[in-house]
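# Summary of structural features
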Amino acid sequence: MTVLSLRGISKTFGAVAALTDIELDVAAGEVVAIVGDNGAGKSTLVKILSGVHAPDSGRITFEGRDVEIPTPAAAHKLGIATVFQDLALCENLNVIQNLFLGQEIRPLRLDDVSMETRSWELLRQLSAKIPSVRVPVAALSGGQRQTVAIARSLLGDPKVIILDEPTAALGVAQTAEVLNLVERLRENGLGVIMISHNMADVKAVADTVVVLRLGRNNGAFDVADVSTEDIIAAITGATDNAVSRRAGKGASS
Amino acid sequence: MTVTTDRQDERLRERAGLAGAVTDVIERARGGDLGVIPVVVGLVVIWTVLQVLNPIFLSSANLVNLTLESAAVGIIALGVVCVLLVGQIDLSVGSVSGLSGAVLAVLFVSEGLPVWLAIGASVLMGAVIGWLYGQLFNRFGVPSFVITLAGLLGFLGLQLYVLGAKGSINLPFDSALVNFAQLDFVPAWLSYTFAGIAAVWLFASGFLHAQQRRRAGLSARSVTTLAARSVALLVVLAFVVWYLGQTRGVGWMFVFFVALVLIMHYLLSRTKWGRAVYAVGGNVEAARRAGINVRAIYTSVFVLCSTFAAVGGILAAARLAAANQSSGGGDVNLNAIAAAVIGGTSLFGGRGTAFGALLGVIVIQSISSGLTLLNLDSSIRFVVTGVVLLLAVVVDSVSRRSRTSHGRA
C-alpha cells in the first residue's frame, strides 16, 4: 500500500531549477533508496518532505489524502520523520534526555522512569546495542549515535522515515549495524526513504532505487533486477562514464 | 535474581549497593567528570591555610558572618550559573545589583514608599533589564558579552544618576529589610528541624523513586545507599547548625539563599524548561530541531539572571543598611561570575548545577573573609581571587579535555 506519493514536484531557487517534475512512491514496509550525484536534488527533495522548503508546484499525497507540508512540525504531525546527516544530538545530555528532548513526559516534574522504560522499548525494537542509556551521547560511537537519532524519530510513531546518508562516515561494522536497523524499520512496517551515495548499501537493503539527475527523475529500478553499473549509468547519464571506464581498465589490464 | 531492563547488556559491570556507588563516583572523576570534587578539595585547602594563618578564621562567629556575606553574591551567582548553562554570559550583574539597591533606597527612603513596594519595583526592574538583553540578543544576534558590557557601564551610570548628588542613602536600621539581613536568625530548634526535614526528605524521595524504578523493572539504588546518603547529610547539616549555633546561628538570609538554590536545582534538573536550558547550552541547532523555542529559553535565562542580580543587590544594600555609589561595584561582578565557575559551571555551556553557586560563593567569600582577617590589603585580595578564578577555569578546561578523551564530553 502506498503511504506517500509525490507527483510533479518542482522547486526553483532563483534561476536554478533544483527539482523538475519529480515522482516518488513509498509503500509501507518498503525501502526506497534515492541516489544521485552531487547537486542532483536529493537534499532539496528531503527538505520538501520534511517541511523545510515548500515545493513550487506538484502534489503530495499521504495515506490517500492530498497534503501540504509547510513546516517541520507539520511533517512530524503527519507522520514523516527525518534523520538528518548531522544527527543534531546534544552531546552533554544522556540517551534518554536526547530521545525525549522537546517532548518530555510530564513537563513540570519529569517522569524519568517512564522515559527510561520507553527508551529501552524503542532501543530493543531496533535491537540496538547501547549498553546504558544513562551515559552522555558523547560517549557513544557513530553507529550508536545514528541509532539514537533514528530511535528519536520513532518516538512520534511515524509512517515514513527519511534517512539522509545514514552510513556516511561510519566504519564497516557500524555500517552493517545501521543497515540492520533499516531492515528492522521495514519489518516494523514503516516506509523508509534512504538517501545514499554508497551502491553497496543500496543493493544491500533497498527494494527500489530512484535515480535523480540534475533535478529530474532519471529512472526507478527494482533492486533485484538491476546491476550497479546500470544505476551508475543512470546517475551519471551515460553508459560511458568515468566509473565504467575505470572498471573497464581494471578488466583489460 | 532477574536482571533489570537497564542492566541486561553483558558489557556492563555489576555495581550494586553502597560500594558500587562509591566506585562509580571514583570512576567518573577519573574520566574527567569531576562534579563538585575540585571545589570541595579547594575549600578544604583554603580553609586549612587560612586557619593556620589566623585561628579566628574557622571560629563560629566568623563562619556565621561568612554565611551572611555570601548570600547576596551567591544569589547573583545563581543567576550567572543559568546564563553560563546556555553558553552565554552576563557581565553586568554587578551594575544591575547596584542599581537595584539604589532604586530600592530611593523609593523606600526618599520617596517613602512601603518597603515591599520598593522591593517589588527593584526586582521588576531587574526582570525588565533581563528581558531587554534577551530581545537584543535574539533580534540582533549581538554577542551577549558585548550587550552586557554595555549594560555594565550604562546601568552604573543610571545608578549614579538615581542616587543623585549625595551619592549615598542610608536605610533605617529599624526596618524589616535591614533586620532580615542583619539580625534575623533561625531559632536553634527550627534549624535542627530543617536539617531533619532535609534528611528525611532526601531518603523518602530517593526511596519512592527507587521503588518506582523497581516496579518498572529498572535497576535502583539500594536502601542501604539511600540511608547512608541521608544519614551523612543529617550529620553534616546538624554539625553545621550546631557549630554556627555556638554564636548567632543560621541567618534567615542564608536560609533564603539556600531555598533559592533548591528551587533552581529543581527547575534545572526536573523540568522540561531545565532540560531545554542544558540542551541549548549543549547544541543549539539540535535544540531548535527538537522543537525547543530557543529564543524563549535565552530570554528566560537572561531575565532570571538579572532578576537574581536585583535580588542580590537588595540584600547587599540591606546588609550594609545603605546604598551608595560603590554598591555592586568593585569585585561584586567578578566574584559572582567566579563563584559560578568555581562551583563547576562550564564556561562552554551545558554543564553545571545550582549547588555549584552555593559551593563557589563559599570559596570566594572564604578567601575574601580570610584575607580581611589577616589585615591584608585589597590589592592582595584581588590578586588571590584572580588566581583562584584562573585555577577554576583551568580545571574546567582540563576536565573538559579529559572528558573528551574518555568519551564523556
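A short tour of the structure in this document, coming up.

Rules used in this analysis
Residues numbered from 1 in each chain as written. Chains lettered and ligands numbered in written order. Predicted model: local features only at pLDDT ≥ 70, side-chain atom pairs only at ≥ 80, totals over all residues. Helix = DSSP H or I, 4+ residues; strand = E, 2+ residues; numbered from the N terminus. Rg over C-alpha atoms; globule rule 2.2 N^0.38 Å. Buried ≥ 20, exposed ≤ 12 C-beta atoms within 10 Å, placed from the backbone. Contact = placed C-beta atoms within 7 Å. Pairing = 2+ DSSP bridges. Axes fitted to C-alpha atoms, helices over the stretch in contact; angles between N-to-C directions. Left-handed = near helix turned anticlockwise from the far one by under 90°. Nonpolar A, V, L, I, M, F, W, Y, C, P; charged D, E, K, R; others polar.

The number of helices and strands found in chain A is nine helices and ten strands. Over its C-alpha atoms chain A spans a radius of gyration of 19 Å, differing by no more than 12% from the 18 Å that the globule rule assigns to 253 residues. In terms of overall dimensions, chain A has C-alpha extents of about 65 × 45 × 35 Å along its principal axes. Looking at chain A residue by residue over its 253 residues, the buried ones come to 45%. Taking as baseline every contact in chain A between residues at least 6 positions apart, the subset at least 24 positions apart corresponds to 65%.

The next subject is the pairing of strand β4 (residues 57-62) of chain A. All names here are of chain A. The pairing of strand β1 (residues 2-13) with β4 spans five bridges and is antiparallel. Residue pairing in the sheet places Leu4 in a bridge with Phe62 of β4. Across three bridges, β4 lies against strand β5 (residues 65-67) in antiparallel orientation. Residue pairing across strands places Ile60 opposite Val67, the latter belonging to β5. Hairpin connection, β4 to β5: the antiparallel pair is bridged by two residues, and Glu63 has positive phi, about 50 degrees.

This part covers the packing of helix α5 (residues 115-140) of chain B against helix α13 (residues 294-320) of chain B. All names here are of chain B. Where α5 meets α13, the axes come as close as 7 Å, and the angle between the chain directions of the two elements is 145 degrees. Between α5 and α13 lies a crossing whose hand is right-handed. Counted by class, the contact of α5 with α13 contains 17 nonpolar, eight polar and one charged residues.

All names here are of chain A. One open sheet holds the six strands; their spatial order is β6-β7-β8-β3-β9-β10, and the pairing between them is mixed. At either end of the open sheet lies a strand with only one pairing partner, and these are β6 (80-83) and β10 (216-222). Here the strands of the sheet are splayed against their neighbours by 20 degrees on average, with no regard to which way each runs. Bridge count between strand β3 (residues 31-36) and strand β8 (residues 191-195): four bridges; the pairing is parallel.

For the rest of this paragraph, the subject is the sheet that holds β4 of chain A. The pairing of strands in a sheet comes from backbone hydrogen bonds and takes either a parallel or an antiparallel form. All names here are of chain A. Spatial strand order, β2-β1-β4-β5: four strands in an open sheet with antiparallel pairing. On the outer flanks of this sheet lie β2 (16-27) and β5, each paired with one strand and no other. Mean inter-strand twist for the sheet, computed between neighbouring axes without regard to direction, equals 25 degrees. The pairing of β1 with β2 spans eight bridges and is classified as antiparallel. By the bridge assignment for β2, Thr2 is matched with Ala27.

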